[in-house]
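# Observations on chain architecture
Below, each chain spelled out in residue letters.
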Amino acid sequence: MTTQTANSWLDPAPIERALANPAPNDAARVREVLAKARELKGLGMDDVAALASVTDPTLTEEMFATARQVKEDIYGHRIVFFAPLYISNFCANECTYCAFRKSNEGLQRHALSQEQIAEETEVLVKQGHKRVLMVAGEHYPGGMRYLLDSIATIYSVKKDNGEIRRINVNVAPLDVDDFRLLKEAGIGTYQLFQETYDRKAYAEVHLRGKKSDFDWRVSVMDRAMTAGIDDVGLGVLFGLADWRFEMLSLMQHIAHLEEVFGVGCHTISVPRMEPAHGSTVAEAPPHPVVDEDFKKIVAILRMAVPYTGMIMSTRETAEMRRETYLLGVSQISAGSRTNPGGYADEAKHDASQFQLGDHRSLEEVVAELASLGYMPSFCTACYRLGRTGKDFMDLAKPGLIKQKCGPNSVGTFLEYLIDYASEETRQVGEKVIRDEMTQMGMKEQDISERIMNAINKGKRDVFC
Ligand code: SAM
Ligand code: SF4
């Protein structure tokens, strides 16, 4: 399977050269990079290295201000919601930072039956969710069939006006044939975190099982994209190696996908290591990332790959999440459980993958976002209309995607307010919708009006 694991694109030498920066905090160079970032065309590896060298508070603030502007220019106030749905926490691997690792005998194990998956889905649908991220440890009863059945089950659940309209998937690397099956099952994004691009650091924490094969993991998106999955999501588990090295490696990975498949990744996730049941590594990560650096990571990524979605999970606290919305986050989870069965049965919490930082319900987070002037969105339009991969980026880069995102966010948020929100949330939410409408061009306003009229008359799932 050599062609399935070819990875000559990953080369630490130029990264180390770029990071051996003789002039950190070079104000002229940093400002030159920030000016380039404002053009919304993205940044190169040396640019990212220059920004990553910044420690000076004034330059840091300039960097954050530029990231805010880029975020505002491209995404406006929109933030899209999803919920993780853990179907199984059995695992054959030994990742020392994760509670699901095989040797962690104190953990309760569950692989949900299809009935239980339907129950979990129903809880999420009743909260108003429209997107889930299906997650599993690397060992599930029934193998690939189990994954495919689970996807079909999640899509089959209908409750009142609601259903899940997009399933993204985060499961262990597959081969090309199995990725084809995932694609046929109708998934949105296939997401997988490299954890770390540093081979040595990788070997130190992935002790046994298939996941200890670095090359199999780092080549996963090549196989996914070869199988026709256009939207892939990258990520790094921050805390395992130097964050600057990880950022530049991510840039190499994206450049490689662009070169081979004509499009980079659809999303980037920035999980930071959290305490996990029975894990000393998770308690004291080898390269902890402090809050100030974490914010830099979000800001630099937003400027480096402006059209790539950035995902912030409930690992982070409400305060940190709030700060990162401003700096560039475009998708968030809310009301999450990381234990299989955790939505329908609160008692299963001993089976969680790691500790969460934000325990608020979906409605609490929606209400907070709206009160801060953000536009909560439950949109799933693009992938359902085939606007994926390069087609999506071709629309996004000239700024045309805004014409779709604006009306779709307004429409899906109105659905949420009518079907799931309390009177109080509805009032704050309606104000946000009115404000959003005033900032749209005429054409988008017309489309939004049409969509909202249909929803007010009882139609659902109206999008453009
Ligand atoms: N088992 C598959 C795998 O490892 O790729 C798929 C999903 S795994 C359940 C999801 C992600 O959780 C991992 O990729 C890892 O980055 C993250 N994770 C594991 N332990 C964590 C911890 N202690 N804190 C934060 N994130 C963690
Ligand atoms: Fe298993 Fe994934 Fe956890 Fe590793 S990170 S132990 S592969 S669930």
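Below, the structure is looked at part by part. Just so you know, these numbers come straight off a predicted model, no measurement behind them.

## Thoughts on the nonpolar core
In terms of nonpolar packing, the biggest core is built from 133 residues, with Leu182, Tyr190 and Val270 touching the most fellow members. Aside from chain neighbours lying at most four places away, what touches Val270 is Val236, Phe238, Phe294, Ile297, Val298, Leu301, Met310, Ile311 and Met312. Core analysis: the next-biggest nonpolar cluster, separate from the first, contains 20 residues, Ala99, Phe100, Leu133 and Ala276 among them.

## Overview of the pairing of strand β7 (residues 232-235)
Alternating positions in β7 separate into two faces, Val232 and Leu234 on one and Gly233 and Gly235 on the other, with burial throughout. Sheet topology note: the strand β6 (residues 190-191)/β7 ladder contains two bridges and is parallel. Bridge assignment links Gln191 to a residue of β7, and that residue is Gly233. In this sheet, strand β8 (residues 267-269) lies alongside β7 in parallel orientation, the contact comprising three bridges. Across the sheet, the residue bridging to Leu234 is Ile268, located in β8.

## Remarks on the packing of helix α14 (residues 318-327) against helix α15 (residues 362-371)
Relative orientation of the contacting elements α14 and α15 amounts to 45°, with a least axis distance of 12 Å. By the angle between their axes, α14 is oblique relative to α15. Once α14 is placed against α15, the crossing between them reads as right-handed. Only Val365, Glu368 and Leu369 of α15 make contact with α14, whose side of the interface consists of Arg321, Arg322 and Tyr325. Looking at the contact of α14 with α15 residue by residue, the class counts come to three nonpolar, no polar and three charged.

## Examining helix α13 (residues 291-304)
Look at α13: 20 Å from first C-alpha to last across 14 residues, which is about the 20 Å you get at 1.5 Å a residue. Those residues of α13 not exposed but buried are Asp293, Phe294, Lys295, Lys296, Ile297, Val298, Ala299, Ile300, Leu301, Arg302, Met303 and Ala304.

## Brief notes about the site of ligand 2
Inspection of the region around ligand 2 gives Cys91, Asn93, Cys95, Cys98, Phe100, Arg101, Gly137, Lys211 and Gln353 as its neighbouring residues. Grouping the constituent residues of the shell around ligand 2 by class yields four nonpolar, three polar and two charged.

## Things to note about unusual backbone geometry
In this model, Leu40 sits at a positive phi of 65°, which is unusual for a non-glycine residue. Mapping Leu40 onto the fold places it in the loop between α2 (27-38) and α3 (45-52).

## Notes on the site of ligand 1
In the vicinity of ligand 1 lie 22 residues, with Glu195, Lys211, Arg217, Glu274 and Arg315 positioned nearest. Between Ala136 and ligand 1, the recorded distance is 3.2 Å, taken from a backbone N or O atom to a nitrogen atom. A distance of 3.2 Å is found between an oxygen atom of ligand 1 and a side-chain nitrogen or oxygen belonging to Gln353. Here ligand 1, which alone exposes 560 Å², has 97% of that area covered by the protein. When its residues are assigned to classes, the shell around ligand 1 shows 12 nonpolar, three polar and seven charged.

## Let's talk about the pattern of salt bridges
Following the criterion strictly, the structure yields 33 salt bridges and no others. Of the charged contacts in the structure, one is a salt bridge between Asp358 and Arg360, with a shortest N-O distance of 2.8 Å. The residues Asp358 and Arg360 share a single accessibility class, namely buried. The salt bridge partner of Arg460 is Asp419, with a shortest N-O separation of 2.8 Å. Here the residue Arg460 occupies a position in the segment after α20 (442-456), and Asp419 occupies one in helix α18 (residues 402-419), the gap between them amounting to 41 residues.

## Description of helix α6 (residues 143-156)
End to end, α6 covers 20 Å across 14 residues, agreeing with the expected 20 Å (1.5 Å per residue, within 8%). Listed in full, the buried residues belonging to α6 are Met144, Tyr146, Leu147, Leu148, Ser150, Ile151, Thr153, Ile154 and Tyr155.

Rules used throughout
- Residues numbered from 1 in each chain as written.
- Chains lettered and ligands numbered in written order.
- Predicted model: local features only at pLDDT ≥ 70, side-chain atom pairs only at ≥ 80, totals over all residues.
- Heavy atoms only, no water.
- Core = buried A, V, L, I, M, F, W, Y, C linked by side-chain atoms within 4.5 Å.
- Buried < 20%, exposed > 50% of the residue type's maximum accessible area, 1.4 Å probe, protein only.
- Contact = heavy atoms within 4.5 Å.
- Helix = DSSP H or I, 4+ residues; strand = E, 2+ residues; numbered from the N terminus.
- Pairing = 2+ DSSP bridges.
- Axes fitted to C-alpha atoms, helices over the stretch in contact; angles between N-to-C directions.
- Parallel < 35°, antiparallel > 145°, perpendicular 65-115°, else oblique.
- Left-handed = near helix turned anticlockwise from the far one by under 90°.
- Nonpolar A, V, L, I, M, F, W, Y, C, P; charged D, E, K, R; others polar.
- Expected span 1.5 Å × (residues − 1).
- Near = heavy atom within 4 Å.
- Polar contact = N/O pair within 3.5 Å; in protein donor to acceptor, adjacent residues only side chain to side chain.
- Areas by Shrake-Rupley, 256 points an atom, 1.4 Å probe, with all protein chains shown as cover.
- Salt bridge = Lys/Arg side-chain N within 4 Å of Asp/Glu carboxyl O.

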